[in-house]
Amino acid sequence: MSSGRQVTFFSFSKWSLCGLLVSMLAASCFTVPRNYNANKPFVYKTTINIQGKTPDYDKQELQTKLQGQIDDSMKVRTVSYAGVYYDLNRPPVFDSLNIGRSKVFMAKALYSLGYFQPVIEDTFFIDTVQNRRKGEQKRVHTTFTVRPGIATHVDSIGYALETPELQALALKGRKESLLKKGEPYSDQKVLAELDRLVAMYRDSGYYKVTKENLYAERDTVVAALIDPTLDPFEQLRLLDSLSKKREKPTINVTIKQRPVKDSSHIQKYYIGNVTVYPDQPLLEDSSYAPSDSTTIQGYKFLFNSRRFKLPFIANNIRLRPGSLYSQRRYYRVINTFNQLGAWQNVDLTLVERQDSVPLLDAVLRLYPAMKYSLNIDYETSRNVSDFLSQGTFFGLGLNFRLLNRNAYREAIQTSTIARFGIEIGTHLVQTLQASLSHNIYFPKVILPRFLSNWFPPKTDGSERTLARRTVLNFAGTYTDRRDFFRAPSFNTSWGYEWTRRRTRAADPDNAKQRWTKSYQLIPFNFEYTNLQKTDSLRKLEEDIPAYRFAFNDGMIISTIFSVTAGKQYDNDRKLTLIRGRIEESGALFGLIKKLELGDLRRFVKIDGEVKHYINYKKSSWAFRAFGGVAFIYGKTDTGGVVVKENNLPFFKAFFAGGPYSMRAWQVRRLGPGSSTLYDVNDTTRVDRFGNMQLEFNAEYRFNLTTIAGIKINSALFVDIGNIWSKEYQNGQEIPEASFKLSRLYKDIAVGAGTSLRLDFEFFLIRLDWAYRIKNPRYATIKNGWFQKVDLASGQLQLGIGYPF
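Since the structure is predicted, the reported quantities are computational estimates derived from the model, not experimental observations.

Enquirer: Account for the overall build of the chain, with residues named and values stated.
Expert: Across its full length, the chain holds 13 helices and 37 strands. Counting over 804 residues, the chain shows a buried share of 46%. Long-range pairs, those at least 24 residues apart, make up 67% of the contacts in the chain with a sequence separation of at least 6. Split by element, the accessible area of the chain, about 40,800 Å² in all, is 55% carbon and sulfur.

See below:
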């Protein structure tokens, strides 16, 4: 009698299989040296390990700074392919002397950051790899172990300048000092403080003062501790005298003035004569002489044409004759005329002249740009809100743009754009669209006087306004959604745009790390859409009641406010973008009953978006989160019966799917929620809209290779999200279509895939292939996970440019 037992060799679930593939991919990462010196040790890998507590600097940021201090002959430069294969071409020959040099450089960097007696140790070993064809490889692995020590903090900041006027200004502005008691010390902050003082003095008339006139003196004991040239025994003696400061070393900084060698450096200068050439030719010859001249507001104008209104130019010059010189006003004049756009080059020269007081004669030369320019280009666009009136949609477009840089002779810009586009769908071309728009950009804020104080000032101490303008817009659009509707629409608006940025004094550590915020306020926005339905759309309205209210003539009288903020930091390695937008329609005009029960749509719509990018040498991570919701409270008279509106008009609604959203689904083919309402006869051609949307996208982007100058890149991505709306069937609300937090897990959709991208530098062609990993359509079966997923069930998306 024999007996046996069952043995299971392998048991895989879908998740364990994915985990195994990821583990195999991670384990397969390797670096291959090429063109190395055979039988000689070469630099293969250099690592920096930071030990100890570093409360004042993030370890990763500190490690990045130290990596930049490694001697060039110790740096490993590789080219990544798909993030798996690393090509190490011509690695440098290893020399132990370069280790010592790297340690000196890193020590100096730590000293400049205020770290108290750093310790840097090194170890290396040689890994010998046999290679019969190319010779023996002697790979050197070097590790630097860094213990930064205790960070030095600022104990006090003082000013001791010999010139009384400079001393008084320094004491008056000491609250704006960049050196704060209790904050970490660094040489960079000391230099920034000197720059701040010089800028303050120059804004107060001291035209010739420079940073060389000032210096920073640190208290002798603690300063010696961070001096890399001090004898070690002398440092031990000083440490003994500072036993009380061992736990938290501090430093005192005093700003002093060097002996005055040139008295003009401590004299105040005033603005003398101001001469303006408003139409200076770019290529002038020695015989050039203006044919006419005049004086306006104390400024002397020399000109050859009436191309510009001279009072307009005079109003934008901030250097008044007889006024105290200010560096800020000097640069403001240059920036103002550069931003106006009517001039391609601006030159402002100052010439010293001695009178009863020192004077600076100013000569402003303005070189006009071409008045008109015509641009013809293509575009791809992604829409998350406005399907018609803004002229944006999924697909390809051809634009003709005529720009006038100097309308009405006051640098007012006008832009006329003709756009022709198509939307690509299931049956190739599913939407045709043509639009014509005309925008007028006034280079100032046009507001009634009693409202002018409400608008953000040009500077308030912590933030500065870089550009302010008023925008008047007119636009007409014709959209043909094949087999469903034709929709001519008209839009006009009046609004304001401005940009704000934190001043250097408010954010001194790094000018590149300051947030830049762009605002748009449209107090009046009018849109009207005349919808011409086809029989196919009317038939769909019988199956989907929500279509009866979404697809109608629509009038929008709204107010819009949006803000976009961006910040680039960590040596330009990271970028964060934040956008928010709110639109309100019908709150005031909806009080007119005829409008409320007619075509006017009443709603409040809010949406926001966050993007974050982390860039590496040959790869990057990209993340995006989007959320939007609308509150609808309008009413419609349907043949004598007043009905409450539940959904946004289709051209304002949210939707998902396509090459720039949930890529495992076609355009507007996802949602709402986990309902099956849209499963009618032809589900592939039924657009789906929502009053709410949530979406999260993540991509790992990496380089593959370069062929004939074209960069071949790829990406792995995941898309998570859905839309929701209020839907009814047979008079009953469909709960699966509405958003409920308790159903979020069931309603959420998940798509994942890969991409092939051809980067031509000036544009990028993208082919995305995605699978529906979790389909809310099958939420009743394992919550929709891995339903009807096979090798051929993916969705191909063609896109131009990155998805986000």
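Read on for the rest.
Enquirer: Would you mind going over the nonpolar core in detail, with residue names and values included?
Expert: In this structure, V276, F301, I313, F337, W343 and L364 are the most contacted members of the largest nonpolar core, which totals 31 residues. When contributions to this core are tallied by element, the ones reaching two or more residues are β12 (270–277), β14 (299–303), α8 (310–315), α9 (327–340), β15 (343–354) and β16 (358–368). Among the elements that line this core, the one with the most residues is α9, at five residues. Setting aside chain neighbours within four positions, we find F301 in contact with V276, P278, D292, S293, T294, I296, L310, I313 and A314.

Enquirer: Go over the pairing of strand β26 (residues 574–585), please, and point to the residues and values.
Expert: Bridge count between strand β25 (residues 554–569) and β26: 12 bridges; the pairing is antiparallel. In the strand pairing of β26, Y569 is matched with K574. Following β25, the chain reverses through four residues before pairing antiparallel with β26; D570 in that reversal takes a positive phi of roughly 55°.

Enquirer: I'd like to hear about helix α5 (residues 187–203), residue by residue, with values.
Expert: Structural remark: α-helix, 3.6 residues per turn; residues separated by three or four positions point the same way. The end-to-end C-alpha distance of α5, which contains 17 residues, comes to 24 Å, matching closely the 24 Å that a straight helix rising 1.5 Å per residue would cover. Three or more residues of α5 are buried, namely K189, V190, A192, E193, L194, R196, L197, V198, M200 and Y201. G205 sits one or two positions beyond α5 and adopts a positive phi of about 105°.

Enquirer: Tell me what's going on with the environment of P735, and back it up with residues and numbers.
Expert: Relative to the assigned elements, P735 resides in the loop between β34 (732–733) and α13 (744–747). C-alpha separation for the pair P735 and S725, spaced 10 residues apart in sequence, amounts to 9.7 Å. With residues near it in sequence (within four places) discarded, P735 still touches K740 and R743.

Enquirer: Please give an account of the sheet that holds β12 that cites residues and values.
Expert: If you walk across this open sheet you meet the five strands as β13-β14-β12-β16-β15, and the pairing is mixed. The open sheet has two edge strands with one neighbour each: β13 (292–296) and β15. Between one strand axis and the next, the sheet turns by 20° as a mean value, whatever way the strands run. Those strands touched by α9 are β15 and β16, and its axis lies near 160° from that of β15.

Enquirer: Tell me about unusual backbone geometry, and please be specific about residues and values.
Expert: Of note, the amide linkage connecting G671 to P672 takes the cis form, showing an omega dihedral of -10°. Counting through the fold element by element, P672 comes out in the loop between β30 (641–644) and β31 (692–707).

Enquirer: Before we move on, can you summarise a nonpolar patch on the surface with the specific residues and values?
Expert: On the surface, Y372, L374, I376, Y378, L398, L402 and F762 cluster together to form a nonpolar patch covering roughly 760 Å² of accessible area. Listed by contribution, the elements that provide at least two residues to the nonpolar patch are β17 (372–381) and β18 (395–407). No other element matches β17, which puts four residues into the nonpolar patch. If you trace the backbone, L374 turns up in strand β17.

Enquirer: Residues and numbers for the side chain of T163, please.
Expert: Relative to the helices and strands, T163 is located in the loop between β9 (153–160) and α4 (164–172). If sequence neighbours within four positions are ignored, T163 has contacts with Q257 and I266.

Enquirer: I'd like a description of the pairing of β14, backed by residues and values.
Expert: Counting buried residues in β14 gives four out of five residues, a clear majority hidden from the surface. Two strands pair when backbone bridges link them, and β12 and β14 are joined in this way by two bridges, in the parallel orientation. Across the sheet, T275 pairs through a bridge with K300, a residue of β14. When β13 meets β14, the two strands line up antiparallel, connected through five bridges. Paired with T295 across the bridge in β14 is K300. Between β13 and the antiparallel strand that follows it, β14, lie two residues; Q297 among them carries a positive phi value of about 55°.

Enquirer: A description of the packing of α4 against α5 should follow, citing residues and the corresponding values.
Expert: For the pair α4 and α5, interaxial distance at closest approach is 11 Å and the crossing angle is 115°. For the pair α4 and α5, the crossing hand works out as right-handed. Touching L166, L169 and A170 of α4 are L197, M200 and Y201, all from α5. Taken together, the residues that form the contact of α4 with α5 break down as six nonpolar, no polar and no charged.

Conventions used here
Residues numbered from 1 in each chain as written. Predicted model: local features only at pLDDT ≥ 70, side-chain atom pairs only at ≥ 80, totals over all residues. Heavy atoms only, no water. Helix = DSSP H or I, 4+ residues; strand = E, 2+ residues; numbered from the N terminus. Buried < 20%, exposed > 50% of the residue type's maximum accessible area, 1.4 Å probe, protein only. Contact = heavy atoms within 4.5 Å. Areas by Shrake-Rupley, 256 points an atom, 1.4 Å probe, with all protein chains shown as cover. Core = buried A, V, L, I, M, F, W, Y, C linked by side-chain atoms within 4.5 Å. Pairing = 2+ DSSP bridges. Expected span 1.5 Å × (residues − 1). Axes fitted to C-alpha atoms, helices over the stretch in contact; angles between N-to-C directions. Patch = residues over 30% accessible without salt bridge, like charges linked within 9 Å, V, L, I, M, F, W, Y side chains within 5 Å. Salt bridge = Lys/Arg side-chain N within 4 Å of Asp/Glu carboxyl O. Left-handed = near helix turned anticlockwise from the far one by under 90°. Nonpolar A, V, L, I, M, F, W, Y, C, P; charged D, E, K, R; others polar.

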